[in-house]
Amino acid sequence: MTKHKYTNSLINETSPYLLQHAHNPVDWHAWNDETLELAKKENKLILISIGYAACHWCHVMEHESFEDSTVAKLMNQNFINIKVDREERPDVDQVYMNAVQLMTGSGGWPLNCIALPDGRPVWGGTYFPKENWVSALEQITKLYKENPEKMEEYATQLTTGVQQSDLVTINTSEKEYSTIELDTIVENWKKYMDTDLGGNAGAPKFPMPNNYQFLLRYAVQNADDKIMDYVNTSLTNMAYGGLYDQVGGGFARYSVDAKWHIPHFEKMLYDNGQLVSLYSNAYLVTKNPLYKEIVYETTAFVERELMDKTGAFYSSLDADSNNEKGELEEGAFYVWKKDELKNILNLEDSGDFDLFAAYYNIKDTFKWENETYHLNRIETNDDILENFQISKEDLSKKVTIWKETLLRARGKKDRPRLDDKILTEWNALMLKGYVDAYRVFDDKRFLERALKTANFINKTQHKADGSLFRNYKNGKSSINAYMIDYATTIDAFINLYEVTLDEQWLNDAKKMTDYCYDHFYDDKSQLFFFTSDEDKQLITRKIETDDNVIPSSNSIMANNLFKLGHYFANPTYAKNANQMLHNVKEKASKYAGGASNWLLLYSNFIGDFYEVAIVGEDALEKLKEFNKKYIPNKLIVGSTTDSNMPLLEYKYSKNETTFYVCIDGTCQLPVNETAKALEQIKILLK
């Protein structure tokens, strides 16, 4: 058993990130009532350090400063030190990230913030080299001892700024939505697009799956070839680049360069879940076999490396792993030396190494660090076929063998550290990914995975009072869920209903929605707070509206309410969705990239939105036929038996399966053939 020189109270936590710091000489505490009371009792400043397990620079700062006994002494004498896993406590992260952004103009992780004993922030930043960190702490300690009034004054001003920074007021102007306005929003967005390489202009480049979900829909509904080209360029280069693990599947969090070649190597569940959804929908539109390959390889990665025996999924894989010298190094698990590749693949005799090197860019211009290469692609399969005079079938067989061989070899390396906590929000995103993959590819395995994850959430994370837990680890759930957990779960359950026609999922979605109205709803803004009224309040109660890598809790919820309003003939839901969108419309129009999920909802308010009811014994089979076409402006409702759901009443006939294509409850003539139902639907807005 390993003996440690230091052990602090984080040893009692379950978060892998907090446990990584349990043997620091810093006397770390977790964020809880006891710790906050201790700060008040001892009248000490609070030092809040926020990060996550897969964060490379969090590890660097830990090694440089938090493992140093001299630095720890300074911290322990003058501060109550709190470590926060931002993935477990996004509420705490939001507040202090907001404060640091107001102070410095930027943010990131590790996030370090100093607060008064009552939690009000006074100073902060992100990564600090050791010397800068020590200097800053000494100055703050001195100021607090000699001039506490000045810090009190600044804390009051800054806290007011944090409280006001994302206030949303009711927009009382007339609610108007138009294709002209949406066209203008997209036109303004174009100035930020990299049409040559995909993604946003410049570097770093993040996948931003929801941006492409909206732009894919916009391109289809507006017959906009330029936007469609941009989406396909982005998705192809993301799949070809080092952002995508060419050996084992799955996407890294972002690329550090503008060409998608060099990733920041951590792999997050939330990215991969959303990207499975995106590539599935993109395949439905384009029938590009690359997109199907990405879906199958990414789900294989998730199942191989992130799946728990419960059917739920772990959070992430670290960017760092041990290199040959046993030292933690970013990307060590994923990069190869040329001689290493030659030995593993044994292609010299066959002459195939040149083919492999061309396929994966093993050339000097693509060398990464320390004479290593990270596999990525530039040339298409067609280019390779032409240049090497090889058949499509032969190339496919060779690529499969290369991947299998390298995956086995890589399995012998020291693996990246795993963050094995389970988060409801991220599992809901992965659940939706599986639902979308099933809807598009009609592969029963995808549905089985989706149901297993959905049942985990329902049985393990759902409490008797209707609320959810956010986290799960070692058989224990301990943190109350946030609005984003509810919003993503409701969304996933609605989508699961649409492929199974099992009303349980829709009814569960409605029950959770009603719980959110009881405990998260803000009457003033008609939006939803991020935290429940049953949780201890921080210095402010945030309302999240900006769509980021994960869409905001309010944009997801507004989309949910739009659909649930139709399903349950509930005008309150429908009006609320409309008002929520209207409240943020002006802000969304100024920066569409941060509001793409709101724009998906916007699209539902222009043109026709269809309620497609499929009723009868063969409803599920007819549904599979119907799902072969990309139709973004619709919801599905159906049953194989009689149902009293508002959209299904009086539609069931024992001897036939019938489609009813309706708009706001007004239906066209019922038809029995899928093709005829599709003919009744207009996708184009123009």
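Note: the structure precedes this text.
Described in the following lines is the structure provided in the data block. (Residues numbered from 1 in each chain as written. Predicted model: local features only at pLDDT ≥ 70, side-chain atom pairs only at ≥ 80, totals over all residues. Heavy atoms only, no water.)

### A few points about the state of the cysteines
Point 1. In the structure shown here, the tally under the stated rule is 2 disulfides.
Point 2. With its sulfur 2.3 Å from that of its partner, C55 forms a disulfide with C58. Handedness of the C55-C58 disulfide follows from its S-S torsion of about 85°: it is right-handed. Assigned by exposure class, C55 and C58 land together as buried. (Disulfide = S-S within 2.5 Å. Buried < 20%, exposed > 50% of the residue type's maximum accessible area, 1.4 Å probe, protein only.)

### Quick notes on the pairing of strand β3 (residues 79-85)
On a regular strand, each side chain points to the face opposite its neighbour's, so the side chains alternate between the two faces of the sheet.
Point 1. The buried count for β3 comes to 7 of 7 residues, which makes it a mostly enclosed element.
Point 2. Here β3 shows two buried faces, one formed by F79, N81, K83 and D85 and the other by I80, I82 and V84.
Point 3. Here 3 bridges tie strand β1 (residues 28-30) to β3, and the two strands are oriented parallel to one another. Residue pairing in the sheet places A30 in a bridge with K83 of β3. (Helix = DSSP H or I, 4+ residues; strand = E, 2+ residues; numbered from the N terminus. Pairing = 2+ DSSP bridges.)

### A word on the side chain of S49
Point 1. Within the secondary structure layout, S49 lies in strand β2 (residues 45-51).
Point 2. S49 sits in the buried class, given a relative accessible area of 0%.
Point 3. There is a polar contact of 2.8 Å between the side chain of S49 and the side chain of K83.
Point 4. Separated by 2.8 Å, the side chains of S49 and N112 make a polar contact.
Point 5. Leave out the neighbours within four places in its chain, and S49 touches W28, F66, I82, K83, V84, L111 and N112. (Polar contact = N/O pair within 3.5 Å; in protein donor to acceptor, adjacent residues only side chain to side chain. Contact = heavy atoms within 4.5 Å.)

### Considering the sheet that holds strand β8 (residues 267-268)
Note on sheets: strands pair through backbone hydrogen bonds, and any given pair is parallel or antiparallel.
Point 1. Strand order in the open sheet formed by 3 strands is β8-β9-β14, and the pairing between neighbours is antiparallel. The two strands at the open ends of the sheet, each matched to only one other strand, are β8 and β14 (418-419).

### Some details on the packing of aromatic side chains
Point 1. Under the defined criterion, the tally for this structure stands at 45 aromatic pairs.
Point 2. On the numbers, 6.0 Å between centres and 40° between planes, the contact of F214 with Y218 is tilted. Of this pair, F214 and Y218 both sit in helix α9 (residues 209-222), 4 residues apart, which is roughly one turn of that helix.
Point 3. By relative accessible area, F214 is classed as buried at 0%.
Point 4. Taken together, Y283, Y296, F313, Y434, F441 and F446 form an aromatic cluster joined through their ring pairs.
Point 5. One cation-aromatic arrangement involves K510 over F568; the distance from NZ or CZ to the ring centre is 5.8 Å. (Phe/Tyr/Trp six-rings, centres within 6.5 Å; stacked < 30°, edge-to-face > 60°. Lys NZ or Arg CZ within 6 Å of the ring centre and 35° of its normal.)

### Notes on the nonpolar core
Point 1. One finds Y279, Y486 and Y567 to be the most contacted residues of the largest nonpolar core, which totals 187 residues.
Point 2. In this structure Y279 touches L235, M238, A239, F251, Y291, I294 and V295, once residues within four positions along its chain are discounted.
Point 3. Formed by 23 residues, the second largest nonpolar core is a distinct cluster that contains V247, L341, L375 and V399. (Core = buried A, V, L, I, M, F, W, Y, C linked by side-chain atoms within 4.5 Å.)

### A look at unusual backbone geometry
Point 1. Between W109 and the following residue, P110, the backbone shows a cis peptide bond with an omega angle of 5°.
Point 2. Topologically, P110 is positioned in the loop between α5 (90-104) and β4 (111-115).
Point 3. Cis rather than trans, the peptide bond between A203 and P204 has omega equal to 0°.
Point 4. For P204, the position within the fold is in the loop between α8 (179-189) and α9.
Point 5. Even without being glycine, K287 reaches a positive phi, approximately 60°.
Point 6. Within the fold, K287 resides in the loop between α11 (269-286) and α12 (289-305).

### Side note on the pairing of β2
Point 1. Of all 7 residues that make up β2, 7 are buried, and the element is covered over most of its length.
Point 2. As paired elements, β2 and β3 share 7 bridges and run parallel to each other. Residue pairing in the sheet places I50 in a bridge with V84 of β3.
Point 3. Two strands pair when backbone bridges link them, and β2 and β4 are joined in this way by 5 bridges, in the antiparallel orientation. For I50, the partnering residue across the bridge sits in β4 and is L111.

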